[in-house]
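Fold and contact review
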Amino acid sequence: MKQFIFFVRKEFLHVWRDKRTMLILFGMPLMQILIFGFALTNEVKNTRIGILDNSKDETTRAIIHQLEASRYFDIVTNIPTNSQLEPTFQAGTIKLAVVFPENFEAQLLHTNKATIQLIGDATDPNTANTLINYASAVIIDYQNSLRGQAEFPYSINTEMRMLYNPQLKGSYNFVPGVMAMVLMLVCAMMTSISIVREKEMGTMEVILVSPIVPIWVVIAKMVPYFILSAVNIASILLLSVFVLEVPIQGSLTLLVVECLLFTITVLALGLLISSVSDSQQIAMLISLMGLFLPTIMLSGFMFPIENMPVPLQIVSNVVPAKWFYTIVRNIMIKGVGFEHVWMETLILVGMTIFFMVVSIKKFKTRLE
Amino acid sequence: MRALLILLEKEFRQVFRNPAILRMMFLMPAVQLLIMPLAADYEVKNVKICVVDYDHSSYSQKLVNKITSTDYFTLVDYTDSYDKALTYVEHDEADLILQIPASFERDLVREDEVSLFLAINAINGVKANLGGAYLRSIISDFNRDVRLEWLQLPRQNPQPVIEIASINWFNPLMNYRFFMVPGILVILVTLVGAFLSALNIVKEKEIGTIEQINVTPIRKYQFILGKLIPFWVLGLVILTIGLLISWIAYGIVPVGSVFTIYVFAGVYLISILGLGLLVSTFANTQQQAMLLSFFMMMIFILLGGLYTSIDSMPMWAQIFTKFNPVTYFIEVMRMVVLKGSTLYDIRYHMLIVLLFGIGLNSLAILNYHKRS
């Protein structure tokens, strides 16, 4: 036991004395929360649009004014002629063009009917769709204001309630995802690299000839990273509650226990990676391409899993982060209890045991 | 010049004699490019809806039929208990609950007014918003049908109507892959370039071979160039593979000229490799270099405009994107591939990225010391 503590101390010193790495490890969750919390929104606002007004009368001016006033749009150019439309899109300055035909007002007054053309830059189909919807809504509002208030018979109203996230904040979706990402990075990548590094530098030999049981050497390596992750979990939770104002609806104890469970799962994964790779670069590539990207792509936090083709949906089941993400989201946001997450928890426990067994089996105590 | 050529020979040999790395380098991007666009689908579809019908009238039936006949919504369950519906939402089996009140049909006909209730799982805000809006538009369509049934509408519009005709340019089929694939290709080229160059010098430091180079008459700029050129070539090769894959697998043929893409990619790779080299002159261990470049790449990529539109970012983030080479390449890629922009259209992008490249590489040369 005393030997084990010495080894843990040695590993701590390794981590502690590398200030740059420490700084990044603690800075990472902070930065991610900031970026995800404030910079990344799928919300559409202040989009640059262009106006091609062939009519230039009072009605068109009024509509343009309404568009300008909406927070979704930012009118950046007045396009002089139809032929200028395409070059303006190609130069990348606008995402939407609103085109008024000639004699717009006259047509509207005399025939009670006039057409506005909306041209969207569909290189980004979703944005184009949203923009066209928003612009149509503004125009319809204007049209309704022309009519004045008229009561409609037989009307169906809809009341909407947004469950769990009434303000539709993006943060509710990604806080669990960021947690999974950071843990993946700190535990899996850092642990595996630091073990492989000892192999590469040759210091592993020195350790293997010491009287301690080899597997304890490896476990000692995990301890500092486990503590680091615990600190990171705490800082992410604090940041999300106090800075992003994402409340923890469910039980905090349960949440912390689940987080620690996932930490152990990922540490076991790191161990597995280190036992199959011989060089740091390989360990890094495996954890980056094999773990990190699937975590981002297949855990459901960036992209909805139900949209994926079936084979990918099946593959997503072996990504531990998917289960962790579901657990955290359920506890933190929906506020449900253990009875809703027991299955996911069981799967994580099973994965952990599997990784542990495989990596201990593969762990070589002999030198080639 | 000769020294540079010999250095290049050494670097290329090192790359080609490490089959594991080489395989990773080419296979991974290929696999990613084949899988990622399939996963990266933001399009909101397959919204799972659970209908709670307290009315069971012919109108409520009609409404439900109208909703399920779109391929947008899938009916999870048709029940008469709100609590049961809520359990579906808690288990993520339903995204949306539509509750039809007991006197739906009667109130609609007699009172001229009735309210439906929608409860939406809003953890994913975008999906909630779009799903809700779409359901509302179906309901108002249904409402119009009901009115037509009961009222005779006059032929000519008594009130002014503004018609809205919308067209989608550059991607009329609204294929989301066309949007994602060029962007993902940029990310892959960036990742491979930045990581490999960042790790390279550090590896020599860690193994100790850099000492040997330091005592040779090789000049600093020659050393940096010797590291830069092989990865520059590799980057372009990966770009080529990527373009081929996107052509074969997704049928994406650049509208603009491929030449434009290569010219820009050449300039871009110089700046990204410069960044990697700069990182590797700072770091002492591969672990540090990896973590540092990972940290930067993460910020660059997330704020690069691949997933979310830059226009909707707050001011500070928008200013940051002006200093982010990844942003420029993603923009250029999309402009050239989808809109057919020419070298003249992207001249500013080119100039800025070139300036980044010169700046970063000069810094890397300055920061590389032959003395320890």
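Residues numbered from 1 in each chain as written. Chains lettered and ligands numbered in written order. Predicted model: local features only at pLDDT ≥ 70, side-chain atom pairs only at ≥ 80, totals over all residues.

**A short note on the overall build of chain A**
Our working definition: Numbering of helices and strands starts at the N terminus; helices are DSSP runs of H or I of at least 4 residues and strands are runs of E of at least 2. To get the radius of gyration, use the C-alpha atoms; to get the globule rule, take the number of residues to the power 0.38 and multiply by 2.2 Å. Once C-beta atoms are placed from the backbone, each residue is buried if 20 or more other C-beta atoms lie within 10 Å of its own, exposed if 12 or fewer, and partly exposed for counts between those two. Here, residue contact means that the backbone-derived C-beta atoms of the two residues sit within 7 Å.
A tally of regular secondary structure across chain A gives 14 helices and five strands. Taking 2.2 N^0.38 as the reference for a compact globule, 368 residues should give roughly 21 Å; the C-alpha atoms of chain A span a radius of gyration of 28 Å, well beyond that estimate. In terms of principal-axis extent, the alpha carbons of chain A reach across some 95 × 45 × 40 Å. The burial tally for chain A puts 42% of its 368 residues in the buried class. At a minimum sequence separation of 6, the contacts of chain A that also span at least 24 residues come to 79%.

**Description of the overall build of chain B**
Looking only at helices and strands, chain B features 14 helices and five strands. In terms of overall size, chain B is more extended than a compact globule, its C-alpha atoms giving a radius of gyration of 29 Å where 372 residues would be expected to give roughly 21 Å. Dimensions of chain B along its principal axes, counting C-alpha atoms only, are 95 × 45 × 40 Å.

**Thoughts on the interface of chain B and chain A**
Keep this limit in mind: Ten residues, namely Ala, Val, Leu, Ile, Met, Phe, Trp, Tyr, Cys and Pro, are considered nonpolar, four, namely Asp, Glu, Lys and Arg, are considered charged, and the remaining ones, Gly among them, are considered polar.
The interface is formed by 91 residues belonging to chain B together with 90 residues belonging to chain A. Of all the secondary structure elements, the ones that give two or more residues to the side of chain B that touches chain A are helix 2 (19-39), helix 4 (82-90), strand 4 (113-121), helix 6 (125-150), strand 5 (161-169), helix 7 (176-207), helix 11 (286-302) and helix 13 (325-339) of chain B. Top contributing element to the side of chain B that touches chain A by residue count: helix 6 of chain B, with twelve residues. Looking at side-chain class alone, the side of chain B that touches chain A contains 52 nonpolar, 24 polar and 15 charged residues.

**Here's the deal with the packing of helix 7 (residues 171-201) of chain A against helix 10 (residues 252-276) of chain A**
Residues and elements named next belong to chain A. Definition in use: Lines fitted to the C-alpha atoms define the axes, with helices restricted to the stretch that makes contact. Angles between their N-to-C directions range from 0 to 180 degrees. Each crossing gets its handedness from the near helix: less than a right angle anticlockwise from the far helix is left-handed, clockwise is right-handed.
Contact pair helix 7 / helix 10: the axes reach a minimum separation of 8 Å and the direction vectors enclose 35°. Helix-helix and strand crossings are classified by hand; for helix 7 and helix 10 the assignment is right-handed. Contact residues: helix 7 offers Met179, Leu183, Met184, Cys187, Ala188, Thr191, Ser192, Ile195 and Val196, while helix 10 offers Cys259, Phe262, Thr263, Val266, Leu267, Leu269, Gly270, Leu271, Ile273 and Ser274. When its residues are assigned to classes, the contact of helix 7 with helix 10 shows 14 nonpolar, five polar and no charged.

**With respect to the packing of helix 7 of chain A against helix 13 (residues 320-334) of chain A**
All names here are of chain A. The cut-off we apply is this: What sets the label is the angle itself: under 35 degrees gives roughly parallel, over 145 gives roughly antiparallel, 65 to 115 gives roughly perpendicular, and the rest give oblique.
Where helix 7 meets helix 13, the closest approach of the two axes is 9 Å, and the angle between their N-to-C directions is 135°. Accordingly, the angle class assigned to the pair helix 7 and helix 13 is oblique. For the crossing formed where helix 7 meets helix 13, the hand is right-handed. In this structure, helix 7 uses Tyr172, Pro176, Gly177, Met179, Ala180 and Met184 to contact helix 13, whose residues at the interface are Ala321, Phe324, Tyr325, Val328, Arg329, Met332 and Ile333. For the contact of helix 7 with helix 13, the residue count by class is eleven nonpolar, one polar and one charged.

**Thoughts on unusual backbone geometry**
Negative phi values dominate among residues other than glycine, just as trans dominates among peptide bonds. For A:Lys56, which is not glycine, the phi torsion reads 50° and is therefore positive. Checked against the element boundaries, A:Lys56 lands in the loop between strand 1 (47-53) and helix 3 (58-69). The phi angle at B:His56 is positive, at roughly 50°, despite the residue not being glycine. Here B:His56 shows up in the loop between strand 1 (47-53) and helix 3 (58-68).

**Focus on the environment of B:Val89**
Residue placement: B:Val89 occurs in helix 4. Taking C-alpha positions, B:Val89 is 15 Å from B:Asn46, a pair spaced 43 residues apart along the chain. In this structure, B:Val89 is in contact with A:Leu163, B:Ala94, B:Ile97 and B:Asn121, ignoring residues within four places of it in sequence.

**Re the environment of A:Met190**
Residue and element names in this part refer to chain A. When you line up the elements, Met190 lands in helix 7. With 24 C-beta atoms counted inside 10 Å, the residue Met190 sits in the buried group. C-alpha of Met190 to C-alpha of Met201: the two residues are eleven residues apart in sequence and 16 Å apart in space.

**Quick notes on the pairing of strand 3 (residues 96-100) of chain B**
All names here are of chain B. What counts, and what does not: For two strands to be treated as a pair, DSSP must find at least two bridges joining them.
Among the five residues in strand 3, five count as buried, and that is most of the element. Here strand 1 runs beside strand 3; their pairing, made up of five bridges, is parallel. Note on strand 3: the bridge partner recorded for Cys50 is Ile97. Here strand 3 pairs with strand 4 via four bridges, running antiparallel. Within the sheet, the bridge partner assigned to Gln99 lies in strand 4 and is Phe117.

**So, the nonpolar core**
The nonpolar side chains of a soluble globular protein tend to be buried with one another. Rules: To count as a nonpolar core, a set of buried Ala, Val, Leu, Ile, Met, Phe, Trp, Tyr and Cys residues must be joined through C-beta atoms within 7 Å.
In this structure, A:Met179 and A:Met184 are the most contacted members of the largest nonpolar core, which totals 202 residues. In this structure, A:Met179 is in contact with A:Ile233, A:Ile236, A:Cys259 and A:Val328, ignoring residues within four places of it in sequence.

**Describing helix 13 of chain B**
Residue and element names in this part refer to chain B. Operational definition: How far a helix is expected to stretch is found by multiplying one less than its residue total by 1.5 Å.
Compared with an ideal rise of 1.5 Å per residue, which puts 15 residues at 21 Å, helix 13 spans 20 Å between its outermost C-alpha atoms and is within 8% of the ideal. The element helix 13 is largely enclosed, with a buried count of 15 among its 15 residues. Where helix 13 terminates, the next one or two residues include Gly340, which has phi positive at roughly 75°.

**Overview of helix 11 of chain B**
The first and last C-alpha atoms of helix 11 of chain B sit 23 Å apart over 17 residues, in line with the 24 Å expected at 1.5 Å per residue. In terms of burial, helix 11 of chain B is a largely internal element, twelve of the 17 residues being buried. Along helix 11 of chain B, the residues that are buried comprise B:Gln286, B:Gln287, B:Ala289, B:Met290, B:Leu291, B:Leu292, B:Ser293, B:Phe294, B:Met297, B:Phe300, B:Ile301 and B:Leu302. Of the surrounding secondary structure, the elements contacted by the buried residues of helix 11 of chain B are helix 2 (19-39), helix 7 and helix 11 (280-298) of chain A together with helix 7, helix 10 (258-282) and helix 13 of chain B.

**Thoughts on the confidence of the model for chain B**
Residues and elements named next belong to chain B. Cut-off, in case you're wondering: For every residue, the predictor reports its confidence as pLDDT, a number between 0 and 100.
Counting all residues, the mean pLDDT for chain B is 83, and 94% of those residues have values of 70 or more. Looking across chain B, the model is least confident in strand 5, with a mean pLDDT of 74, and most confident in helix 10, with 91. This complex was scored by the predictor with a pTM of 0.77 and an ipTM of 0.73.

**Here's the deal with the environment of B:Phe231**
Residues and elements named next belong to chain B. Looking at the secondary structure, you find Phe231 in helix 9 (residues 220-250). When the C-alpha atoms of Phe231 and Asp83 are compared, they prove to be 60 Å apart, with 148 residues separating the residues in sequence. Sequence-distant contacts of Phe231, that is, excluding residues within four places in its chain, are made with Gly193, Leu196, Ser197 and Leu273.

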